[in-house]
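For reference, the chains in residue letters:
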Amino acid sequence: MRKMDYQNVKGTQDYLPDTEVIRRGIRRTIEDVFIQYGCKPLETPILNYTELLASKYGGGAEILEEMYTLTDRGERDLALRYDLTIPFAKVVAMNPSIRRPFKRYEIGKVFRDGPIKTGRLREFTQCDVDIVGIESQVAEAELMTMALDAFRKLGLKVSIQYNNRKLLAGMLEAFGTTDEKINKVILILDKLEKVGSEAVTVELREQGLLPSTINSINRFITAEDNASSGYFEPLSERNQQIKQGVAELKELESYLEFLGVDKQCTFNPFLARGLEIYTGTIYEIFLSDKSIKSSIGSGGRYDNAIGGLIGTNESFSTVGISLGLDVIYTALLSSKENIVENHDVDFYVIPINTEKQALVVARHLRDKGYKVEYEMGKKRLGKALDKANKEKFRNVIIIGENEVKNNQIKIKDMFSGEERMEPFSFSEG
């Protein structure tokens, strides 16, 4: 019989207990912050109709190229979700009775058949919050502050870059960029920090833009004061998108300043977020030490998605943020913080030829709400204590025949080495 060559599908990974303990700790921390901010839990299907995810209100052409598609036995066209945003928009579209504002969170796996890089596989976990029903930039400020709180509790120093798609699109429009080219030019500008201005100019020429348009964009790129709202105001009177973008930018900045987080949040006039879904404020979260170059969280406003899914032109004020659990885990490992300590076990019970009596002790402690590991492998005491050290169990209970005879248990503190005896009635349990 031929031996099978077992391996994971490329871009997927098994998480053994030492790793999964950390990942679940990260998830609990993030979820606790979401709950603290009044977010309600929601769960959506991993499997969706392709038509939904491929909607023009979805992730856009680049993500659709990475979408996993399949058919079921009924020959229906299906796909695995590539994010949690469109499934959320679908829920709101299908349930008009949901009271707004509605603030939900969801933590779940998503799938993209794209390039593999640090902190990003093809099966990965996103932690999302979305708010529907708030027109004001207070929603963006709430989500950005929430993200900063989550990363603070995780022990990671981050900064947030933000921009406004109306502002960016309005500037390109004012420079003479045609409507059909605006989204392509936005994607090119999004590469500015990675490839530099010369490479951006080359790509702009390849789009067939007028020389005057390219010159205006280059002046915009190199202007010293392009990171202030005042730079855009002279053009705002001639372009409605710029006017709206400036107003939203100023409103957001007033909230960030009042909340005292403006030093951690920076306006980047060329931040674009590749997804065409966005209609207003957008933002990305980066590690302050740049140990990971790509963003570890992102989001923005997408007011047209829900109305588009129900086939109307109605605008539903919607804004969201997504944190990448896998890239956060990678960042914590690289920070060399002591995050491996095992807090999942309160007591480790070791029987020495006293299996039944030790089971009684374990059950008694579990009834009191403690987390207990019972040694079932009949290890010698030395081997069991070695396990306790490796697993970082602090409290070890040793139950031998003498302990049973004297109705007592021995508790050893593995961190200090101290031992103490406590009474225990084995007959009563």
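Sequence order as written defines the numbering, with residues in each chain counted from 1. Given that this is a predicted model, residues contribute local features only at a pLDDT of at least 70 and side-chain atom pairs are listed and counted only at 80 or more, while totals for whole chains, interfaces and linings are drawn from all residues. Here the side-chain values reflect all heavy atoms present in the structure, with hydrogen atoms and water set aside.

*Asks:* Please explain unusual backbone geometry as it appears in this structure.
*Replies:* Among all residues except glycine, the phi angle is most often negative; among peptide bonds, the trans geometry is most common. The omega angle of the peptide bond from Arg100 to Pro101 is 5°, so this bond is cis rather than trans. Look at Lys378: it is not a glycine, yet its phi comes out positive at around 55°. For Lys378, the location among the structural elements is in the loop between β13 (372-374) and α16 (381-391). Helix numbers and strand numbers start at the N terminus; a helix is a DSSP run of H or I with at least 4 residues, a strand a run of E with at least 2.

*Asks:* Whenever I open this one, the confidence of the model for the protein confuses me. Can you help?
*Replies:* The predicted structure's coordinates, where accompanied by low pLDDT, should not be read in detail. Averaged over all residues, the pLDDT of the protein is 90; the fraction at 70 or higher stands at 97%. Taking the mean pLDDT of every element in the protein, the minimum, 76, falls on helix α3 (residues 61-64) and the maximum, 98, on strand β1 (residues 40-41). The pLDDT score gives, residue by residue, the confidence of the prediction method on a 0 to 100 scale.

*Asks:* Got a minute to help me understand the packing of helix α1 (residues 17-36) against helix α14 (residues 325-334) in this structure?
*Replies:* Two measures define how a pair of helices packs: the angle their axes make with one another and the distance between the axes. Where helices are involved, their axes are fitted lines through C-alpha atoms of the stretch in contact, as for all axes, and angles between N-to-C directions lie from 0 to 180°. In the contact formed by α1 and α14, the axes pass within 10 Å of each other and the chain directions differ by 115°. Taken together, the axes of α1 and α14 are roughly perpendicular relative to one another. As for how α1 packs across α14, the hand of that crossing is right-handed. Contacts between α1 and α14 involve Thr19, Ile22, Arg23, Ile26, Arg27 and Ile30 from the former and Leu325, Asp326, Ile328, Tyr329 and Leu332 from the latter. Residues that form the contact of α1 with α14 fall into these classes: seven nonpolar, one polar and three charged. Oblique is the label for every angle not falling under 35 degrees (roughly parallel), over 145 degrees (roughly antiparallel), or within 65 to 115 degrees (roughly perpendicular). Helix crossings fall into two classes, left-handed where the near helix is turned counterclockwise from the far one by less than a right angle and right-handed where it is turned clockwise. Whether two residues touch is decided by their heavy atoms; if any such pair falls within 4.5 Å, the residues are in contact. Think of it as three bins: nonpolar holds Ala, Val, Leu, Ile, Met, Phe, Trp, Tyr, Cys and Pro, charged holds Asp, Glu, Lys and Arg, and polar takes everything else, Gly as well.

*Asks:* Hey, could you run me through the sheet that holds strand β9 (residues 281-287) in this one?
*Replies:* Backbone hydrogen bonds are what pair the strands of a sheet, in a parallel or an antiparallel way. Only when DSSP finds a minimum of two bridges between them are two strands counted as paired. Strand order in the open sheet made by the eight strands is β1-β5-β6-β11-β10-β9-β7-β8, with mixed pairing throughout. The open sheet has two edge strands, β1 and β8 (265-267), and neither has a second partner. As paired strands, β9 and strand β10 (residues 297-301) are joined by four bridges and run antiparallel to one another. Paired with Ile285 across the two strands is Gly297, which belongs to β10. Seen against the sheet, helix α4 (residues 85-94) touches β5 (102-111), β6 (123-132) and β11 (318-324) and runs at an angle of roughly 40° to β6.

*Asks:* Honestly, α4 in this entry has me stumped. Any pointers?
*Replies:* Quick reminder: α-helices carry 3.6 residues per turn. Residues three or four places apart thus point the same way. Exposed residues in this analysis have more than 50% of their type's maximum accessible area, buried residues have under 20%, and partly exposed residues fall in between, with area computed by a 1.4 Å probe over protein chains only. With nine of 10 residues buried, α4 is to be regarded as a mostly interior element. Buried residues along α4 sit in contact with β2 (47-49), α2 (50-53), β5, β6, α13 (305-309) and β11.

*Asks:* Explanation requested: the packing of aromatic side chains in the structure shown.
*Replies:* The description of an aromatic ring pair rests on the distance of the ring centres and on the angle between the ring planes. Aromatic pairing here means that ring centres of Phe, Tyr or Trp (its six-membered ring) are within 6.5 Å. Orientation follows from the plane angle: under 30 degrees is stacked, over 60 is edge-to-face, and everything else is tilted. If you walk through the whole model with that rule in mind, you get 12 aromatic pairs. Ring geometry for Phe220 and Tyr231: centres 5.8 Å apart, planes at 15°, overall stacked. Of this pair, Phe220 sits in helix α10 (residues 211-222) while Tyr231 is found in the loop between α10 and α11 (233-236), placing the two residues 11 residues apart along the sequence. For Phe220, a relative accessible area of 1% gives the class buried. Taking 5.9 Å as the distance between ring centres and 80° as the angle between the ring planes, the aromatic pair formed by Phe220 and Phe232 counts as edge-to-face. On the criterion of sequence distance, the pair formed by Phe220 in helix α10 and Phe232 in the loop between α10 and α11 is long-range, its members being 12 residues apart. Here Phe220 matches Phe232 in class, with each residue buried. Joined through ring pairs, the aromatic side chains of Tyr162, Phe175, Phe220, Tyr231, Phe232, Phe267 and Phe270 make up one cluster. A cation sits over an aromatic face here: Arg23 above Tyr15, 3.7 Å from the ring centre. A ring is scored as having a charge over it whenever the NZ atom of a lysine or the CZ atom of an arginine sits within 6 Å of its centre and within 35 degrees of its normal. Directly above the aromatic system of Phe124 lies the positively charged group of Arg120, at a separation of 4.1 Å from the ring centroid.

*Asks:* Can you help me understand the nonpolar core in this one?
*Replies:* In a soluble, globular protein the nonpolar side chains are often hidden away together inside. Take the buried residues of types Ala, Val, Leu, Ile, Met, Phe, Trp, Tyr and Cys, join any two whose side-chain atoms come within 4.5 Å, and each joined set is a nonpolar core. Within the largest apolar cluster, 71 residues are counted, with the highest numbers of intra-cluster contacts made by Phe34 and Leu323. No other element matches helix α5 (residues 138-154), which puts 10 residues into this core. Counting 21 residues, the second-largest nonpolar core is a separate cluster that includes Met67, Ala89, Ile277 and Tyr278.

*Asks:* What exactly am I supposed to notice about the pattern of salt bridges here?
*Replies:* Side chains that differ in charge, positive against negative, can pair when their charged atoms come close. Here, a salt bridge means any side-chain nitrogen of Lys or Arg that lies within 4 Å of a carboxyl oxygen of Asp or Glu. This structure, assessed with the given rule, holds 23 salt bridges. Put simply, Glu140 and Arg301 hold a salt bridge, and the shortest N to O gap is 2.7 Å. Highlighted residues: Glu140 in helix α5 and Arg301 in strand β10, separated in sequence by 161 residues. Take Arg301: its relative accessible area is 3%, and that puts it in the buried class.

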